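# Architecture and fold: a report
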Amino acid sequence: MTQDPADSASGRSGWRTRTLLTHEGIRRSQFGELSEAIFLTQAFAYPSAEAAEARFTGEDPGFIYARYGNPTVAMFEDRLAALEGAEACFATASGMAAVSAALLSQVQAGDRVVASKALFGSCLYILENLLPRYGVETVFVEGADLDAWRAAFKGGARTAFIETPANPTLDLVDIRAVSALAHEAGATLIVDNAFASPIFQHPLQLGADVVVYSATKHIDGQGRVLGGAVLGTTKFIRETLEPFIKHTGGALSPFSAWLLLKSMETLDLRVRAQAASAARLAEALAESPKLTRLVYPGRDDHPHRAVARAQMEGGGTMLSVEVADQAAAFRVMNALRIFTISNNLGDAKSIVTHPATTTHQRLTPGKRAELGISPGLLRLSAGLEDPEDLVEDFLTALKSV
């Protein structure tokens, strides 16, 4: 594993992670409020016509309109950028707004995108259904197969897109290796880092060009708000991404930004506690004869364990387990008392999801089988409950199969 960021200075401030998550980016008004303020305004006033002109030409870099930027949103963007080690960040209304903007702002008719096969269902929709409408081709490869990436890039590409760990199979992709191949081909690399969280994986440090988040997961982590973010160089964010979001309207609301700011104060504490529970669950369930498969990046039996050790600073909060079939999976889900049945993840409450009938239900059975999403697969998101209660809850539920 790479170095624990909680033990070393990070971000533009030089503060360690927990200090950064509490203080970075604060902009206090003339009232000197302790907690960050919510600026609930659509537009901003100017003292003169000349001042308005200067704002719109960029001579004065202040705020113009909430779709373009807002002081509360800017505090969230600055804090997340510092945590990620990014030059700039633009916050979006949801994680999928971040994914779609990161992709669509870069491509035009005739371009090619190379992507790993194991992706969230909505990401697959954008790549398989939406981009082709505008003349953009997507080539899918096995994420762990570097030869497949190398071959795909020979045809040229504008950008590449990966999730690692992937949803819901927890497959890993070597970010450093794929970024090198992408750059050789003149392409950028976008990494969806939602599963790993900004606590356990830092794609920009591994060579990626753009990082996207569903801030709904982990960053909020309390089931309250939708949000997303795109991070990268100042040039990419300001010249490529920002105009796209400004004119298509996927910006984050100030109230949501305020909730996310307050959530970030406990992000490191929450995610580390959740990851410890996920590791304990994996350990306790690994020997169960009721399971046909268990996948957790923190275990030595993960098929891509070497990649996990090289680029992740912990096993993460997610694991997947498999029982015999859908009927058995449903019996387990319905027998659980603490785990909540939902399609969310990264929450304070532990969640169980049946991907084949929810998050990935629109895929054909053959496509799900190709991705390793069997009828018996369950995705588990460890929450903040006592880990021993979670172990007992799941082992008891397994008695139903």
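Note that this is a predicted model, so its numbers are computed, not measured.

What follows is about the packing of helix 4 (residues 95-104) against helix 10 (residues 234-248). In contact at an axis separation of 9 Å, helix 4 and helix 10 are set at 115° when each is read in the N-to-C sense. Where helix 4 crosses over helix 10, the handedness of that crossing is right-handed. Note on element contacts: helix 10 touches helix 4 through Phe236, Leu241, Phe244 and Ile245, opposite Ala101, Ala102 and Leu104. Here the residues of the contact of helix 4 with helix 10 sort into seven nonpolar, no polar and no charged.

With that settled, consider the packing of aromatic side chains. Two descriptors summarise a pair of aromatic rings, namely the distance from one centre to the other and the angle between the planes of the rings. Tallied over the entire structure, the rule returns six aromatic pairs. Summarising the aromatic geometry, the rings of Phe255 and Trp258 are spaced 6.3 Å apart at their centres and angled 25° between planes, so their arrangement reads as stacked. Placement of both Phe255 and Trp258 in helix 11 (residues 254-264) is noted, with a separation of three residues, approximately one turn of the helix. For the cation-ring pair, Lys246 lies above Tyr68, with the distance from its terminal atom to the ring centre recorded as 4.7 Å. The residue whose ring lies beneath Lys367 is Phe140, and the NZ or CZ to ring-centre distance is 5.5 Å.

Once that is clear, we can look at unusual backbone geometry. Look at the link from Thr164 to Pro165: it is a cis peptide, with omega at -5°. In this chain, Asn167 is followed by Pro168 through a cis amide linkage whose omega measures 5°. Along the chain, the position of Pro168 falls in the loop between strand 4 (159-163) and helix 7 (175-184). If you check the backbone angles, Leu170 has positive phi at about 65° while not being a glycine. Within the fold, Leu170 resides in the loop between strand 4 and helix 7. With a relative accessible area of 2%, Leu170 lands in the buried category. Located in the positive-phi region is His218, a residue other than glycine, with phi close to 65°.

Our focus in this paragraph is the sheet that holds strand 11 (residues 351-353). An order of 8-9-12-11-10 is seen for the five strands of this open sheet, with the pairing classed as mixed. Single-partner strands in this sheet number two, and they are strand 8 (293-295) and strand 10 (340-341). One ladder, built from three bridges, connects strand 8 with strand 9 (residues 318-322); its direction is antiparallel. By the bridge assignment for strand 9, Arg293 is matched with Glu322.

Our focus in this paragraph is the pairing of strand 9. With five of its five residues buried, strand 9 lies for the most part within the structure. Burial of strand 9 is two-sided: the residues Met318, Ser320 and Glu322 facing one way and the residues Leu319 and Val321 facing the other way are all buried. Sheet topology places strand 9 next to strand 12 (residues 377-381); five bridges connect them, and they run antiparallel. Among the inter-strand pairings, Ser320 is bridged to a residue of strand 12, identified as Arg379.

With that settled, the discussion passes to the nonpolar core. By size, the foremost hydrophobic cluster in this structure holds 32 residues, and its most contacted members are Leu103, Leu127, Phe161, Val212, Val230 and Leu241. Taken together, the elements giving at least two residues each to this core come down to strand 1 (88-92), helix 4, strand 2 (112-116), helix 5 (121-130), strand 6 (210-214) and helix 10. Counting 31 residues, the second largest nonpolar core, distinct from the first, contains Ala81, Phe200, Leu204 and Tyr213.

What the seven strands build is an open sheet, ordered 1-7-6-5-4-2-3; its pairing is mixed. Every interior strand has two partners, whereas the edge strands, strand 1 and strand 3 (137-141), have only one. Across the sheet, the mean angle from the axis of one strand to that of its neighbour is 20°, orientation sign disregarded. Sheet topology places strand 1 next to strand 7 (residues 228-232); five bridges connect them, and they run antiparallel. Counted as the bridge partner of Thr92 is Gly228 from strand 7.

This part takes up the side chain of Thr353. Along the chain, Thr353 falls in strand 11. By relative accessible area, Thr353 is classed as buried at 2%. Of note is the side chain of Thr353, whose polar atom sits 2.5 Å from the backbone oxygen of Ser342. Among residues more than four places away in sequence, those in contact with Thr353 are Met333, Ser342, Asn343, Asn344, Thr358, Thr359, Leu377, Leu378 and Arg379.

What follows concerns the side chain of Glu163. Mapped onto the elements of the fold, Glu163 is located in strand 4. Lacking a salt bridge, the buried Glu163 has Arg379 as its closest oppositely charged neighbour, with an N-O distance of 8.4 Å. From its side chain, Glu163 meets the backbone nitrogen of Phe120 in a polar contact 2.6 Å long. A polar side-chain atom of Glu163 sits 3.1 Å from the main-chain amide nitrogen of Asn167. Not counting residues within four places of it along the chain, the set of residues in contact with Glu163 comprises Ser116, Ala118, Leu119, Phe120, Cys123, Asp171, Val173 and Asp192.

With that settled, consider the pattern of salt bridges. For the structure shown, the criterion picks out 24 salt bridges. Note that Arg27 is salt-bridged to Asp78, the shortest N-O span being 3.2 Å. Of this pair, Arg27 sits in the loop between helix 1 (17-23) and helix 2 (49-57) while Asp78 sits in helix 3 (residues 71-84), and the two are 51 residues apart along the sequence. Here Glu242 makes a salt bridge to Lys246, at a shortest N to O gap of 2.9 Å. Taken together, the residues Glu242 and Lys246, both in helix 10 and four residues apart, mark about one turn of the helix. It is possible to trace a salt-bridge network through shared partners that takes in Glu36, Arg79, Lys262 and Glu265.

A separate point is helix 10. Look at helix 10: 20 Å from first C-alpha to last across 15 residues, which is about the 21 Å you get at 1.5 Å a residue. Maximal helix bending in helix 10 amounts to about 45°, located at Leu241; proline Pro243 follows within four positions. By the burial criterion, the buried members of helix 10 are Phe236, Ile237, Leu241, Glu242, Ile245 and Lys246. Of the surrounding elements, those touching the buried residues of helix 10 are strand 1, helix 4, strand 6 and strand 7. Following helix 10 by one or two positions, Gly249 has its phi on the positive side, about 90°.

Procedures and definitions
Each chain carries its own residue numbering, running from 1 in the written order of its sequence. Whole-chain, interface and lining totals are the exception, using all residues; otherwise, since this is a predicted model, local features are given only for residues with pLDDT of at least 70 and side-chain atom pairs are given and counted only at 80 or more. Heavy atoms from the whole structure form the basis of all side-chain values; hydrogens and water molecules are not counted. Structural elements are reduced to axes, namely lines fitted to C-alpha atoms, with helices fitted over the stretch in contact, and the angle between N-to-C directions of any two is expressed from 0 to 180 degrees. Where helices and strands are cited, they refer to DSSP runs of H or I of at least four residues and of E of at least two residues respectively, numbered from the N terminus. For any helix crossing, the convention is left-handed if the near helix is rotated counterclockwise from the far helix by under a right angle, and right-handed if that rotation is clockwise. Contacts: residue pairs with any heavy atoms within 4.5 Å of one another. Under the convention adopted here, Pro, Cys and the residues Ala, Val, Leu, Ile, Met, Phe, Trp and Tyr are nonpolar, Asp, Glu, Lys and Arg are charged, and Gly plus all remaining residues are polar. Centres within 6.5 Å are what make two rings of Phe, Tyr or Trp a pair, Trp counting through its six-membered ring; a difference in plane orientation under 30 degrees is then read as stacked, over 60 as edge-to-face, and the rest as tilted. Think of it as a cone above the ring: NZ of Lys or CZ of Arg counts as a charge over the ring if it is within 6 Å of the ring centre and within 35 degrees of the ring normal. Exposure categories follow from relative accessible area, calculated using a 1.4 Å probe and restricted to protein chains: below 20% of the type maximum is buried, above 50% is exposed, and the middle band is partly exposed. In this scheme, strands are said to pair when DSSP sees at least two bridges between them. Grouping buried Ala, Val, Leu, Ile, Met, Phe, Trp, Tyr and Cys residues that are joined through side-chain atoms within 4.5 Å yields what is termed a nonpolar core. For this analysis, a polar contact is any N or O atom pair within 3.5 Å, provided that within protein one partner can donate a hydrogen and the other can accept it, and provided that sequence-adjacent residues contribute only side-chain to side-chain pairs. Neither His nor the chain ends contribute to the count of charged residues, in which Lys and Arg are positive and Asp and Glu negative. Note on definitions: salt bridges are taken to be side-chain nitrogens of Lys or Arg within 4 Å of carboxyl oxygens of Asp or Glu. One less than the number of residues in a helix, times 1.5 Å, gives the span that helix is expected to have. Working definition for bend: take the seven residues up to and ending at a residue and the seven starting at it, fit an axis to each, and measure the angle between the axes.

Note that all results are geometric; they support no functional claim without further evidence.
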